Structures are given as structure tokens and as C-alpha cells.
Amino acid sequence: MNGVLGWDIGGVNTKVARVVRGEVVDVQARPFEIQRQPHALGPLLVDMARAAGMQPGDAHAVTMTAELSQTFRTKREGVGFVLDHVLAAFPTAYIGVHTVDGRFVDAAAARETPLVVAAANWAATARLVAQTWPEGVLVDIGSTTTDITPIVAGAIAARGRTDPERLREGELVYSGAVRTPVEAIAPTVPLWGKPAGVAAEGFAVTGDVHLWRGQLAPGDYSAPTPDGRPATREFAGERLARIVCADREMLDEGAIGAIADSLWEAQVDRIAGAIARIVRRHPALARGPAVVTGLGDFLAAEAARRAGLQATHLSARWGSAARHAPAAAIALLLETRLEMETMAR
């Protein structure tokens, strides 16, 4: 039985899910910074496909966010680059590129309309989630960003389609579970009983906050650490001390804990505010669940509760595939479409 591989190709992480007969049979994720080794993308795709159990005849569904990388001067250039490497990696395979309005197009059409396929991964997840939860808010927090998508009457009710539009509408929040610099979270943190300014030097990221607090496992710290030292609680504490230009000889566990807790509160409150803003546009959603997923589902769940919603974890239905929901979603969506086309013949 042929399967479908769903690809979510990002600027710092790439994920693939293999689906057979409506079941996600394998999920793979690899940290990969396209800006550092752009031409290593093709070999990475081949290696990940083999690890996921790709078989001859498998189709490929593609979505991407890598086009935003500073490697590329325009999104058009980035979309073309990703498609070139996908086609080179799987030259004889059927390849469908997901669009923000829910279609699958071939690579040639995707090149002609790059803004329709760029950063459309959130829409794939929302479209599939809507089949189970026709009224609700999908909150997907990855390593870098938060996607907040309203679902009304079984359809996506987002105002934005492109990243700039979604940022404007509060449906995309640049705050994630690992890579966000802490100075982008809060301008001050508590230090010895008073607020202290945060050094804007990239000393620590949100991964250090959540690692210190025990909400993120070292293996889930899916980015290089700011200082190049290991992703452990000990070194996370050192990085957090440095954001107030101190070190662990100057700050004890309590002081580091206060800094981490303050940053946690600020990040959750910002995301909760964005969720609440979207619910105000669609009052019926105040009765629906917030379906939370992604690497930062623990953040999403708390933010949803603060916004007055009940959190429902997508992982309860999708299992481990929920952490990489867009890859699984586009594979399932393309498999359904191909089956319908076969039946119509």
C-alpha cells in the first residue's frame, strides 16, 4: 500500500510524517538551520524519508516556512529553492504543495504563486482539526512562533493569510518554546527584590526558562544554546543569570527561579492576550475549546486557561504526531484527496 509523506520544511527545523490508510505510521524531526547549510537540504530530505520508511510510489505533501530565512532575499526565491531541493530529492514522485486556501498544487503552480504556499502550514493543521472540533481555537506553539487560528462552523475563520497579515491580526505571535530571546519577552525581571533591566545581548532564550522550570526536556531544546554550552538545567541557570549581567556565583537558586518565573508569566500573558483578542472577534468561541499542540503545548494550555478557555490537547487524539501537527495534517489531507481522485476515475 502506497503512503504519503507530509513535509513541514522550516528555517531551523524540518519534520516529516508518513501516513498509510489514514494512520500516521512514523514521524521524524531534525534541527536544520537552512541559513547555515542551504545546499544540505536535499540530502537531509532523502535521509529523513528513508528513516520514516518511505516506499516506492509514496506521494509527498509539502508545506514550508523556510522561505523566511535570511538566506533568501524574497519569499519567491525561498519557495523556489525549497521546491528545487524537494524535486531533486524525489524526482519520480508525486508532489503536492499545500496552499493556504486548502488546495494542493504542483511545483510549477507553486512557483507562480509563492505567497499562496509560503507559511501555509498552520492552515493545514487547522483544516484537519476543524473536522473534529468545528468550533474552537487552535493554538500551536513551536520552537519559534505561536499560531492562533479561530475555527467557526467547521471552517477556518482567520483574517490573515500571509505572515504579515497574521502578525497584524494577532493570529501569529513571534513567541515560541525554545528560540525566542528573553529580552523579547520582558524588559525587566526581578532581582533582589526590585525590577532590573534585561541585557539585550542574546544571552538566554525561552528554552532556558522552560528547561530551568522543568517544563522542557533537554532533548526538546531544538536549537543551539546561546553560549554553545549544553542544554541542561545547570547551564540554563547560568544563561539566565547573565541576562542581568550576573553569574551563578552572584545569584542563587531562588534568584534564578524568580527570573525564570517572571519570564514564564510574561510569555504566557502575552499569548493569552492574543487568544483573548481573537475570541472577542468570535464570541461563540468563548464556549468552545482551545485545541493546543506543538512543542510548547504546555505554554498553550496555560495561556488558553488564562484567556478563559478549556484546553484540549491534540496529542490525546493524535499521539506523538501532534507535536509536528502540520506534517501529519498535510499527509492526511493529501491522502484523502488522492483517494477521492482515484474513486472519481
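Residues numbered from 1 in each chain as written. Predicted model: local features only at pLDDT ≥ 70, side-chain atom pairs only at ≥ 80, totals over all residues. Heavy atoms only, no water.

### Topic: the pattern of salt bridges
Right, so step 1: Counted according to the given criterion, the structure contains 22 salt bridges.
Right, so step 2: With a closest N to O distance of 2.7 Å, Asp58 and Arg18 form a salt bridge. Remark: Arg18 occurs in strand β2 (residues 13-20) and Asp58 occurs in the loop between α1 (41-51) and β4 (59-64); sequence separation between them is 40 residues.
Right, so step 3: For Arg18, a relative accessible area of 8% translates into the label buried.
Right, so step 4: Close ionic contact of Asp101 with Arg103 constitutes a salt bridge, the shortest N to O distance being 3.2 Å.
Right, so step 5: Taken together, the shared-partner salt bridges connect Arg159, Arg168, Glu169, Glu171 and Arg281 into one network. (Salt bridge = Lys/Arg side-chain N within 4 Å of Asp/Glu carboxyl O. Helix = DSSP H or I, 4+ residues; strand = E, 2+ residues; numbered from the N terminus. Buried < 20%, exposed > 50% of the residue type's maximum accessible area, 1.4 Å probe, protein only.)

### What about the packing of helix α5 (residues 121-129) against helix α12 (residues 325-344)?
Right, so step 1: At their nearest, the axes of α5 and α12 sit 8 Å apart, and the two run at 65° to each other. The chirality of how α5 crosses α12 is left-handed. Residues Asn121, Ala124, Thr125, Arg127 and Leu128 of α5 form the contact with α12, whose participating residues are Ala325, Pro326, Ala329, Ile330, Leu332 and Leu333. (Axes fitted to C-alpha atoms, helices over the stretch in contact; angles between N-to-C directions. Left-handed = near helix turned anticlockwise from the far one by under 90°. Contact = heavy atoms within 4.5 Å.)

### Describing the environment of Phe298
Right, so step 1: Of note, Phe298 is situated in helix α10 (residues 297-306).
Right, so step 2: Phe298 sits 15 residues away from Pro283 along the chain, and the two C-alpha atoms are 25 Å apart.
Right, so step 3: Not counting chain neighbours up to four residues away, the residues in contact with Phe298 comprise His210, Gln215, Leu216 and Trp264.

### Digging into the environment of Val16
Right, so step 1: Considering the arrangement of structural elements, one finds Val16 in strand β2.
Right, so step 2: Residue Val16 is classed as buried on the basis of its relative accessible area, which comes to 0%.
Right, so step 3: Once the C-alpha coordinates of Val16 and His60 are considered, the two residues, 44 residues apart in sequence, prove to be 9.7 Å apart.
Right, so step 4: Discounting residues that sit within four places of it in the chain, Val16 has contacts with Leu5, Gly6, Trp7, Asp26, Val27, Gln28, Met48, Ala52 and Ala327.

### Topic: the layout of surface pockets
Right, so step 1: Taken as a whole, the largest pocket spans an internal volume of roughly 960 Å³.
Right, so step 2: What lines the largest pocket is a set of 42 residues, and nearest its centre among them are Val12, Lys15, Thr65, Ser143 and Thr144.
Right, so step 3: Secondary structure elements with two or more residues in the lining of the largest pocket: β2, β3 (23-31), α5, β7 (136-141), α6 (163-169) and α12.
Right, so step 4: Looking at the lining of the largest pocket, the element that brings in the most residues is β3, giving 3 residues.
Right, so step 5: Of the residues that constitute the lining of the largest pocket, the class distribution is 13 nonpolar, 16 polar and 13 charged.
Right, so step 6: The computed volume of the second largest pocket comes to approximately 240 Å³.
Right, so step 7: For the lining of the second largest pocket, the element with the highest residue contribution is α12, accounting for 5 residues.
Right, so step 8: Residues that form the lining of the second largest pocket fall into these classes: 4 nonpolar, 4 polar and 5 charged. (1 Å grid on protein atoms, 1.4 Å probe; cavity = no way out; pocket = protein on both sides within 12 Å on 5 of 7 lines; lining within 4 Å. Points joined across faces, edges and corners; volume = space filled by probe spheres on them. Nonpolar A, V, L, I, M, F, W, Y, C, P; charged D, E, K, R; others polar.)

Geometry only, nothing functional implied.
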